[in-house]
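Coordinate analysis (summary)
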Amino acid sequence: MEIYKQIRKMRLQGMGQRQIATSLQISRNTVKKYWEGDSVPWECKNYSWEATILTENVVAFVRHCLEEDIRSPKKQRHTAKRIYDRLVDELGFTGGETTVRCLE
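This structure is a prediction, so every number in the text was calculated from the model and none was measured.

Re the environment of Arg-28
The topology assignment puts Arg-28 in helix 3 (residues 28–35). Accessibility expressed as a relative area gives 46% for Arg-28, which makes it partly exposed. Residues Arg-28 and Gln-17, 11 residues apart in the sequence, show an inter-C-alpha distance of 6.7 Å. Setting aside anything within four residues of it in sequence, one finds Arg-28 in contact with Arg-18 and Ala-21.

What follows is the structure, encoded as structure tokens:
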């Protein structure tokens, strides 16, 4: 927080971003971030996103495969790779194989 105050003070004194970065021995990116005061160190951004790859259809398909495996002999059960391949072939899945592994 002290750096933020110093950057704002030096800006009001007419110093440039490179000058401030050099004198405080910090990254120019940090100076730029605090330069206008839009980003402040005491506020964190809340990131919220919706999973676009893991739709209800994909999750239901994976669960269905795993439920089938309960009744199947051990040698005939799905692997994560096999479920992923089926998702790509049957549903046009565009996610990665590791995404499927996290669901298992």
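Digging into the packing of helix 4 (residues 56–71) against helix 5 (residues 80–91)
Direction vectors running N to C along helix 4 and helix 5 enclose 130°, while the axes themselves pass 11 Å from each other. One finds that helix 4 runs oblique with respect to helix 5. As for how helix 4 packs across helix 5, the hand of that crossing is right-handed. In this structure, helix 4 contributes Asn-57, Val-58, Phe-61, Val-62, Cys-65, Leu-66 and Glu-68 to the contact, and helix 5 contributes Ile-83, Arg-86, Leu-87, Glu-90 and Leu-91. Taken together, the residues of the contact of helix 4 with helix 5 break down into 8 nonpolar, 1 polar and 3 charged.

The rules we used
- Residues numbered from 1 in each chain as written.
- Predicted model: local features only at pLDDT ≥ 70, side-chain atom pairs only at ≥ 80, totals over all residues.
- Heavy atoms only, no water.
- Helix = DSSP H or I, 4+ residues; strand = E, 2+ residues; numbered from the N terminus.
- Buried < 20%, exposed > 50% of the residue type's maximum accessible area, 1.4 Å probe, protein only.
- Contact = heavy atoms within 4.5 Å.
- Axes fitted to C-alpha atoms, helices over the stretch in contact; angles between N-to-C directions.
- Parallel < 35°, antiparallel > 145°, perpendicular 65-115°, else oblique.
- Left-handed = near helix turned anticlockwise from the far one by under 90°.
- Nonpolar A, V, L, I, M, F, W, Y, C, P; charged D, E, K, R; others polar.

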